[in-house]
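# Results of the structural survey
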Protein chains: 2
Amino acid sequence: MADALKIGIAGLGTVGAALARIIQQRGDELAATCGRPIRIVAVSARDRTKDRGVDLSGVEWFDGPVDLAHKADIDVFVELIGGSEGAANASVRAALARGLHVVTANKALLAYHGVEFAEIAEEKGTLLNFEAAVAGGIPVIKALRESLTGNTISRVYGIMNGTCNYILTRMEKEGLSFADCLKEAQRLGYAEADPAFDIEGNDTAHKLAILTTLAFGHRIAADDIHLEGITNISIEDIRAASELGYRIKLLGVAQRTDTGIEQRVHPTMVPLDSVIAQVDGVTNAVAIESDILGELLMVGPGAGGNATASSVLGDIADIAKSQPGAQRVPVLGHPAKQLKPYQKAQMRLHSGGYFIRLTVQDRTGVFASVAGRMAENNISLESIVQRSKQHLSPSDHQTIILVTHATKEDSVRKAVAAIQTEGYLVGEPQVIRIERPKED
Amino acid sequence: MADALKIGIAGLGTVGAALARIIQQRGDELAATCGRPIRIVAVSARDRTKDRGVDLSGVEWFDGPVDLAHKADIDVFVELIGGSEGAANASVRAALARGLHVVTANKALLAYHGVEFAEIAEEKGTLLNFEAAVAGGIPVIKALRESLTGNTISRVYGIMNGTCNYILTRMEKEGLSFADCLKEAQRLGYAEADPAFDIEGNDTAHKLAILTTLAFGHRIAADDIHLEGITNISIEDIRAASELGYRIKLLGVAQRTDTGIEQRVHPTMVPLDSVIAQVDGVTNAVAIESDILGELLMVGPGAGGNATASSVLGDIADIAKSQPGAQRVPVLGHPAKQLKPYQKAQMRLHSGGYFIRLTVQDRTGVFASVAGRMAENNISLESIVQRSKQHLSPSDHQTIILVTHATKEDSVRKAVAAIQTEGYLVGEPQVIRIERPKED
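Residues numbered from 1 in each chain as written. Chains lettered and ligands numbered in written order. Predicted model: local features only at pLDDT ≥ 70, side-chain atom pairs only at ≥ 80, totals over all residues. Heavy atoms only, no water.

## Considerations on the relation of the copies chain B and chain A
Placing chain B over chain A gives an RMSD of 0.0 Å and needs a rotation angle of 180°, together with 0.0 Å of translation along the axis. Such values leave the two copies arranged in the relation of a two-fold axis. Taking the C-alpha atom as reference, chain B places Met298(B) closest to the rotation axis, 2.2 Å from it. (Least-squares fit on C-alpha atoms with pLDDT ≥ 70 in both.)

As structure tokens, then:
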């Protein structure tokens, strides 16, 4: 059997500790499958005394990740710290510069420095693997980097934030408000004390930015993403969606258009009978549409120590199975130096269906006015629902819900702006984009 | 750039022709991604003159696959002929013996000779890839062989035959009979003129046998599979399933139990709100349950020239990206010589829920008798529906539908056998197993 693959783990939190336990418990099995043993020889973590359920007595401890990356006698540097800058950045940079293979679960790091790091890895002929950085346990990076070779991809989209999906699922199933579900998610550990990063869509955006590059071969553009969170989704939207045959999910969507690449994260109506609509709770799902394969959808756990560790271990095993020094696959699916400049498509040119919910004063002519503004902007309507909402608000208010056929975002914005000047609108209009699977 | 990877394609049917077109059209892109060009240098097919939409003028033609495997100057032999014996078998055997890499889409060949071929490939240090052999475009082989390294798998199940899923979907959506849907499937080219291989479950069984070995590390046992097709599924079963919150799918299921591995292919009730229940038409889906990752579900096209060619191309690209001579991964997930003997679990020990539909004579005491037979066999019931079926049969017949909680198959068989001796049963009893996703 070949020499052991020596790995160093920077960060022994939930994922790092799970990874160390699995490698220790399943050593023989891993060695048989990989053709060589995988051995943890170095670690770094703040607390050396904490019980992590794993025996690290024979392992060399380093004071910090950068120290570990510089000095440890290892083949693979595993970064499980997090954050796009600081120690994670410095240690990965040091490890790559030394010619080590790197495995990371760090989406922010890749979203902001992925291209630069890919260039270094490709120059050095080492591997930079990051399956766990997007959608946790779902092997979407491998599917895009390897299985779909030769395919031209038209759209990648998915549920990539478990916190948001948990909240939306609870809201629908139990009729609870956003605020109540958020509290419950925090209590169960599905949401952070400061939940902004999740519920405002930033977490999804980081993951989407990585997928976009793998799918379309453009440089990563994590700051060029249209971003809307789920904080203003009400139980009324969810109910109306359901009545019209839709369910609301926070999707990240990257799509090839005539004018460039659309990258957007926003609450989205998906058809109730679509497979992705059934993805509940903290589960994630990613769909890839391509010209040869067709549509591939993968559903699985998006977070959690074990699921994430499983992806990290898969990445390490890929390195173990490779011939030493073999550059198997371009880090970002396409050679980093050949990535095209990112060409952003304008959101106002987005084409699709829209759900529009308006609360209006109950007076004659309002409905005709709304319909008129739609017609003026050439928006054709799939369905219109008008009803009084006495149970929710003063009885002189009504709700009008419109679902449009495919139209331009620009037209919808103009129509809604025109309606806003009419004086009969109560509160803010709600506009939610509709996304359909390819076959529809 | 490294030397071109030279491939020979045996069989230029739908898949082979699609593969040749894609490689020709996307040569530059493939070369950039794989780090070397992929070049078709040899082919074999019956008809040399047929227009396949691809220019094969510079390619060497061979009289047959065996000749191609023996003589062509190639690195990779691509077998797209089909069948477990004959030319497919002989040519793959010859190619492996010569030390060529082999890519095949042939499920029957692997189901019956996979272990032997894996041993040869591992001895020679060459790759034997077969992503397209199971579930067409879905990268389930890669997920099991690579992504899930280190996981202990408890169950693999899925919809792996598009013909059956198309028929069951049409029956439910349009209230058509099995026979009518089969005719429609034949007209659309989704079913063969002789449909037995699909509708009786053999096709699913071949695919399942391969997945079982990848999942559990046992030798392939394609003939040790409990097999029931969909030919006796009636529209009445489908309606009753729907009313009780289930949908009927033909599943292949491989499951680890205390007494061995269960391999079974049969019509199955899945919960209506499960993700797999939404997989309609010719689409396939495979779920993998493992202890570290959790549940992973992949949904995609199970057949078709392009989808299959996409998987074949992914396999070729994996070889192109590997260092020459690198043995990256054991062919069947575990080194072939270390595969355990297959240990079959008896179906009568299967534990799960059951749907039982009985047509009975409408006389006093029948319902009590049925309930009594269930109780005698310690079968606890989740729901019981009794109703007259005047619209379907003489008015003195009634239907009794039982759904059991988890119970042993043996108990169900005994209870049903006891009921059959009572004399009030009309026709055959219908028994359909229920399968639930892990989280239920």
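## Topic: the sheet that holds strand 3 (residues 60–62) of chain A
All names here are of chain A. Strand order in the open sheet made by the six strands is 3-2-1-4-5-6, with parallel pairing throughout. The outermost strands of the open sheet, each flanked by one partner alone, are strand 3 and strand 6 (128–129). Relative to strand 2 (residues 38–44), strand 1 (residues 5–10) runs parallel, the two sharing six bridges. Paired with Ala 10 across the bridge in strand 2 is Ser 44. Most of the contacts of helix 12 (residues 305–321) go to strand 5 (residues 101–104), to which it runs at about 165°, and overall it touches strand 1, strand 2, strand 4 (76–79), strand 5 and strand 6. (Pairing = 2+ DSSP bridges. Helix = DSSP H or I, 4+ residues; strand = E, 2+ residues; numbered from the N terminus. Contact = heavy atoms within 4.5 Å. Axes fitted to C-alpha atoms, helices over the stretch in contact; angles between N-to-C directions.)

## With respect to the packing of helix 12 of chain A against helix 6 (residues 140–147) of chain B
With their axes 9 Å apart at the nearest point, helix 12 of chain A and helix 6 of chain B run at an angle of 80° to one another. Between helix 12 of chain A and helix 6 of chain B, the crossing angle belongs to the class labelled roughly perpendicular. Here helix 12 of chain A contributes Ser310(A), Gly314(A), Asp318(A) and Lys321(A) to the contact with helix 6 of chain B, which in turn contributes Arg145(B), Glu146(B) and Ser147(B). Grouping the constituent residues of the contact of helix 12 of chain A with helix 6 of chain B by class yields no nonpolar, three polar and four charged. (Parallel < 35°, antiparallel > 145°, perpendicular 65-115°, else oblique. Nonpolar A, V, L, I, M, F, W, Y, C, P; charged D, E, K, R; others polar.)

## Overview of the UniProt feature "binding site: NADP(+)" (unreviewed entry) in chain A
Residues and elements named next belong to chain A. Here, the residues flagged by UniProt with the feature "binding site: NADP(+)" (unreviewed entry) are Ala 10, Gly 11, Leu 12, Gly 13, Thr 14, Val 15, Gly 16 and Ala 17. Residue classification places Ala 10 among the buried residues on the basis of a relative accessible area of 0%. Aside from chain neighbours lying at most four places away, what touches Ala 10 is Ser 44, Pro 65, Leu 68, Phe 77, Val 78, Glu 79, Leu 80 and Ile 81. Mapping Gly 13 onto the fold places it in the loop between strand 1 and helix 1 (14–25). (UniProt positions renumbered as here; feature names shortened; annotations may be inferred. Buried < 20%, exposed > 50% of the residue type's maximum accessible area, 1.4 Å probe, protein only.)

## Quick notes on helix 5 (residues 107–124) of chain B
Residue and element names in this part refer to chain B. The end-to-end C-alpha distance of helix 5 is 22 Å, clearly below the 26 Å that 18 residues give at a rise of 1.5 Å each. Those residues of helix 5 that sit buried are Ala 108, Leu 109, Leu 110, Ala 111, His 113, Gly 114, Val 115, Phe 117, Ala 118 and Ala 121. For helix 5, the elements touching its buried residues are strand 4 (76–79), helix 4 (86–97), strand 5 (101–104), strand 6 (128–129) and helix 10 (202–216). A distance of 3.3 Å separates the backbone nitrogen of Ala 108 from a side-chain oxygen at the start of helix 5, and that oxygen is part of Asn 106. Of the residues one or two after helix 5, Gly 125 is the one with positive phi, at around 75°. (Expected span 1.5 Å × (residues − 1). Polar contact = N/O pair within 3.5 Å; in protein donor to acceptor, adjacent residues only side chain to side chain.)

## Thoughts on empty space enclosed by the protein
Applying the stated criterion across every chain, the model contains seven cavities of 30 Å³ or more. Computed from the structure, the largest cavity encloses a volume of approximately 110 Å³. Residue lining of the largest cavity: 14 residues in total, with Glu131(A), Lys142(A), Ser311(A), Asp315(A) and Ser147(B) positioned closest to the centre. Breaking the lining of the largest cavity down by element, the ones donating at least two residues are helix 6 (140–147) and helix 12 of chain A. A per-element tally of the lining of the largest cavity places helix 12 of chain A first, with five residues. Among the residues making up the lining of the largest cavity, the classes are represented as three nonpolar, five polar and six charged. Counting the residues that make up the lining of the largest cavity, at least three belong to each of domain 1 (5–137 + 305–338) and domain 2 (142–301) of chain A. Within this model, the second largest cavity holds a volume of roughly 60 Å³. Along the walls of the second largest cavity sit Ser147(A), Leu293(A), Glu131(B), Gly137(B), Pro139(B), Lys142(B), Ser310(B), Ser311(B), Gly314(B) and Asp315(B), which together make up its complete lining. When residues of the lining of the second largest cavity are assigned to their parent elements, the largest contribution, four residues, is made by helix 12 (residues 305–321) of chain B. (1 Å grid on protein atoms, 1.4 Å probe; cavity = no way out; pocket = protein on both sides within 12 Å on 5 of 7 lines; lining within 4 Å. Points joined across faces, edges and corners; volume = space filled by probe spheres on them. Domains from an automatic or database assignment.)

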